[in-house]
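Survey of secondary and tertiary structure
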Amino acid sequence: MPLIAGLALLVVCAMLWSPCWPGGLAGSGLLAPLLLLLRMLGGRGALLLALPLFGLLVGGEQLRRLQLPARDHGRDVALVGQVCSFPRDRGGRRRFLFATTLPIAGRERRLRLLVSDYRDASPLLAGETWRLKLRLRSPRGLRNPGAPDRERALFAAGIAGAAYVRESALNHRLSASGWHCPGMPLRAALASLLEQQLGDRPALPYLLALTVGARHRLDSGNWRLLRQTGTVHLMAISGLHIGLIAGLGFAVTGVLGGAASGRLAWLGAVSAATAYAALAGFSVPTSRALAMLAVAAAAATTRRRLPPWTLLATALWLVLLWQPLAPLGTGFWLSFTAVAVLLLGLLPLTGAARQPGGRSARWPRWLRSLLAAQWRVWLGLLVLSAWFFGQVSTVAPLANLVSIPLIGMLGVPLALAGLLASAAGLPDWSLQAAAWLLEACLGWLGWLVEAPFPPALPISLVAPLLPLGLAGSLLCLWPRPLPGRLLLVVAVVLAGWTAAGPRPRPLLSVLVLDVGQGQAVLLRTRAHALLYDAGPAWPGGDAVAGVLLPVLSQERITTLDALVVSHADRDHSGGLQSLLAAMPVGRLLAPAGQLPGPVGAQPCRAGDEWLLDGVRLRFLHPAPGRRARTDNDRSCVLLISAGHVRILLTGDISRRAERELLVREGLPPIDLLLVPHHGSRSSSGPELVRAARARVAVASAGWQNRWGFPADEVRRRWERSGACFLVTADWGALRFTVVDGRRLRLARAERRDSRHWWNQPPPADEPCTVRRARL
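First, a word on what this report is: a plain description of the structure on this page. (Residues numbered from 1 in each chain as written. Predicted model: local features only at pLDDT ≥ 70, side-chain atom pairs only at ≥ 80, totals over all residues. Heavy atoms only, no water.)

Thoughts on the packing of helix α11 (residues 308-322) against helix α12 (residues 330-344)
Short version of the rule: All axes here are fitted lines through C-alpha atoms, helices being fitted over the stretch that makes contact, and every angle between N-to-C directions spans 0 to 180 degrees. Helix and strand definitions here come from DSSP, where helices need a minimum of 4 consecutive H or I residues and strands a minimum of 2 consecutive E residues; each element is numbered from the N-terminal end. Angular relationships are summarised with four words: roughly parallel below 35 degrees, roughly antiparallel beyond 145, roughly perpendicular across 65 to 115, and oblique for the angles in between. Only heavy atoms enter the contact rule, under which two residues are in contact if any of them lie within 4.5 Å. Residues are grouped as follows: Ala, Val, Leu, Ile, Met, Phe, Trp, Tyr, Cys and Pro are nonpolar; Asp, Glu, Lys and Arg are charged; all remaining types, including Gly, are polar.
Contact geometry of α11 with α12 gives a least axis separation of 10 Å together with a crossing angle of 170 degrees. The angle between α11 and α12 places the two elements in the roughly antiparallel class. Within the contact between the two elements, α11 uses Pro308, Trp309, Leu312, Ala315, Leu316, Val319 and Leu320 and α12 uses Phe332, Phe336, Val339, Ala340, Leu343 and Leu344. Class assignment for the residues of the contact of α11 with α12 results in 13 nonpolar, no polar and no charged.

Digging into the state of the cysteines
As a reminder of what qualifies: When two cysteine sulfur atoms lie within 2.5 Å, the pair is treated as a disulfide. Only protein chains enter the accessibility calculation, which uses a 1.4 Å probe; a residue is then buried when its area is under 20% of its type maximum, exposed when over 50%, and partly exposed in between.
Inspection of every chain in the model, using the stated rule, returns two disulfides. In this model, Cys84 is linked to Cys181 through a disulfide, with the two sulfur atoms separated by 1.9 Å. On the sign convention where negative means left-handed, the S-S torsion of about -90 degrees between Cys84 and Cys181 marks this disulfide as left-handed. You can see Cys84 sitting in the loop between β1 (76-83) and β2 (88-90) and its partner Cys181 sitting in the loop between β7 (172-175) and α5 (184-198), a full 97 residues away along the chain. Like Cys181, Cys84 is buried. Here Cys604 is linked by a disulfide to Cys636, with a sulfur-sulfur distance of 1.8 Å.

Focus: the nonpolar core
Let me state the cut-off plainly: By nonpolar core is meant a set of buried Ala, Val, Leu, Ile, Met, Phe, Trp, Tyr and Cys residues that side-chain atoms within 4.5 Å join together.
Ranked by size, the top nonpolar core spans 58 residues in total, and within it Leu194, Tyr206, Leu207, Val212, Met235 and Tyr276 carry the most contacts. Those elements giving two or more residues to this core turn out to be α5, α6 (204-212), α7 (220-228), α8 (239-257), α9 (261-279), α10 (284-301), α16 (396-423) and α17 (429-449). Considering every element that reaches this core, the biggest residue donor is α17, with nine residues. Excluding its chain neighbours within four sequence positions, the residues that come into contact with Leu207 are Leu194, Leu198, Ala415, Ala435 and Leu438. Grouped together as the second largest cluster of nonpolar side chains are 38 residues, Val510, Val512, Val521 and Ala562 included.

Structural notes on the pairing of strand β24 (residues 724-727)
Definition in use: A pair of strands is labelled paired if DSSP reports no fewer than 2 bridges between them. Looking down the strands as they point away from the viewer, one classifies a crossover as right-handed if the path from the first strand across the helix to the second runs clockwise.
Burial of β24 is two-sided: the residues Cys724 and Leu726 facing one way and the residues Phe725 and Val727 facing the other way are all buried. Direction of pairing for strand β23 (residues 696-699) relative to β24: parallel, over a ladder of four bridges. Looking at β24, one finds that Val696 is bridged to Cys724. Crossover β23 to β24 through helix α26 (residues 712-720) is right-handed.

Some points on the pairing of strand β26 (residues 744-749)
Relative to β26, strand β25 (residues 734-738) runs antiparallel, the two being bridged by five bridges. Opposite Leu734, over in β26, you have Ala749 as the bridge partner.

Overview of α16
The criterion, for reference: Expected helix span is computed as 1.5 Å times (number of residues minus one). One axis fitted to the seven residues ending at a residue, another fitted to the seven starting there: the angle between these axes is the bend at that residue.
An ideal rise of 1.5 Å per residue puts 40 Å on 28 residues; α16 reaches only 36 Å between its terminal C-alpha atoms. Taking the largest bend as the criterion, α16 deviates by roughly 40 degrees, centred on Gly411, and proline Pro413 comes between one and four positions later. Just beyond α16, the residue with positive phi is Gly425, at close to 80 degrees.

This is a description of form; function is not addressed.
Below, the structure written as structure tokens:
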């Protein structure tokens with residue numbers, strides 16, 4: 001147990017700091033517990049902890065050196081490499097992993113790139129070797145509170161950067177296989193065989209994931225169904241599947257081994273499980289199950305008895321040695337936590353089974369065991385599921401009660417048997433049976449989702465209870481005896497109700513989101529929420545799913561009181577339809593006639609104003625009756641007054657519209673100004689800069705965008721006027737608060753205040769150090 005605790009502290013440190021130096025441990029409060037555990041473990045235990053720590057430090061530093069440097073961003077290169085994933089088609093784009101070699105710091109380095117291919121009818125297939133002309137992109141992502149961290153995901157997957165395919169005569173296939181990922185051609189061939197046998201049956205995407213680890217056909221609707229029902233884990237080839245294959249290998253080898261069947265049976269089990277894990281790509285759940293099986297086999301063949309917790313600790317240690325960055329992935333936490341929860345339940349479950357009589361004795365023992373296991377896993381993974389997936393499934397115990405036996409115990413063996421039979425030219429009736437079972441299970445999951453009660457609760461409703469939920473889960477799951485356990489659970493529930501109360505809020509909070517080349521600003525008063533612009537859209541998606549909804553969930557916002565779309569350009573209104581479909585909106589305001597008719601927007605007009613919790617909002621532009629030359633010049637310009645603090649949101653108005661606004665409305669001194677048109681040369685004229693006398697000017701722009709926003713001359717103009725000039729591409733999302741109505745404060749810059757060792761650094765330790773006191 002001390003070893004498990006020490007390894008847990010180690011992986012938590014990997015999540016929190018860069019990397020686990022003593023200063024980082026002390027800053028995170030983990031140094032004292034780790035020193036205590038080292039003393040308990042002694043010399044051998046310290047060595048066991050030192051090896052994964054060494055792997056974490058070396059592996060993390062080596063991977064950081066392999067990341068594409070910023071100077072290579074936008075460079076065109078012709079590379080030879082292998083397609084090492086199943087290409088995923090989304091909205092006119094194919095995305096895949098490309099393993100290749102590239103000179104970095106004067107040396108040829110083997111690395112992996114996440115490549116997008118926008119060409120029509122792209123002929124790329126998994127496992128093939130190609131020469132491609134690529135435009136490189138460094139591994140930089142958007143940084144927003146509560147939103148997915150793309151830089152972390154790329155780093156954890158060992159991906160050095162991104163790229164997209166350029167049209168060129170150099171692009172051609174070299175061979176059908178390669179040496180970068182040698183098992184990929186076999187996986188691709190089996191996946192193709194499965195597609196031929198099942199055609200367009202609904203079970204095909206799921207069976208591809210379960211048999212060869214190919215998830216490229218699972219779309220957003222499939223994943224939504226799995227998340228709402230708490231069955232995402234079924235799509236990971238994990239302990240249950242590895243155990244079934246190992247059992248089959250054990251039985252077959254034991255029968256064929258004759259008198260020496262003992263060791264041969266274990267060898268057959270480990271070999272069969274290893275082959276299946278290789279077929280699945282050695283994911284973290286697969287590696288965990290394989291490590292536990294290998295340790296158990298070694299103990300059995302040497303006639304040693306290992307306690308279950310020792311087995312789990314050894315598997316955890318081996319996985320950290322093999323994959324030092326595994327803690328950065330979701331599967332690591334879900335897999336090991338699920339096994340730990342089941343081990344915690346062994347003692348009370350065994351005790352309950354031995355008690356004679358009682359109401360529970362009327363149920364068969366296997367059914368009681370299954371129900372108890374489902375309850376414990378759901379309760380044990382409750383907090384992690386809410387944290388990773390942004391919601392808590394209320395139907396997960398019912399869904400898994402049917403899904404695990406049907407899919408894990410019956411569907412997977414039938415599917416694998418059918419796939420092998422098809423490869424050998426035999427009838428594939430078992431494959432069709434597996435598809436039928438899976439489709440029946442999907443019908444059950446669909447019924448649960450359509451039931452009158454909500455299948456899942458968003459994290460915005462349960463976020464205050466997550467720490468208490470973790471404590472309550474441990475109290476419920478801990479083996480007997482635990483004196484006063486029921487009393488402690490009641491106390492935790494009562495404390496949860498207290499913690500769920502409303503949090504004190506400032507008079508006004510302004511969150512300028514990092515949406516790339518686009519714009520979205522969240523305004524919050526003490527009791528209302530308003531969004532200015534809905535972010536950009538791009539082929540196959542928009543900023544709503546990846547940025548807006550996670551941020552709104554983090555802020556516990558379930559309804560927007562108002563949504564202002566400054567104008568109809570896709571970088572400002574691209575996420576409008578997705579946002580309206582995902583969340584209730586009280587009022588929708590936009591320039592007259594710019595949005596589609598069914599949307600039903602009210603026009604924004606100069607002079608219109610309203611009051612929210614003491615904060616006054618007033619439109620300064622466009623003026624009624626005046627026709628602008630461009631859609632940009634019809635942007636809704638919004639002035640927010642919170643006490644003595646004034647904030648100006650300007651859309652994409654040009655210098656011409658700026659002059660008209662100044663002549664018609666005038667302009668008081670501005671504390672925070674959103675720079676017009678992302679800092680384009682066509683905006684931010686000298687007249688606006690002089691009149692605004694802005695303390696802070698923020699440009700919402702994408703990193704190294706092709707338009708060069710914000711322009712250097714615009715930046716210099718604002719800085720010469722005394723403004724603190726900030727760019728979302730440099731600092732991530734920026735949160736400003738007005739507490740007392742007298743002073744604007746920069747409360748948080750995401751790249752500065754939420755910086756981890758895998759993230760790209762901000763341009764300086766502090767934004768506008770000289771002028772920070774003015775904020």
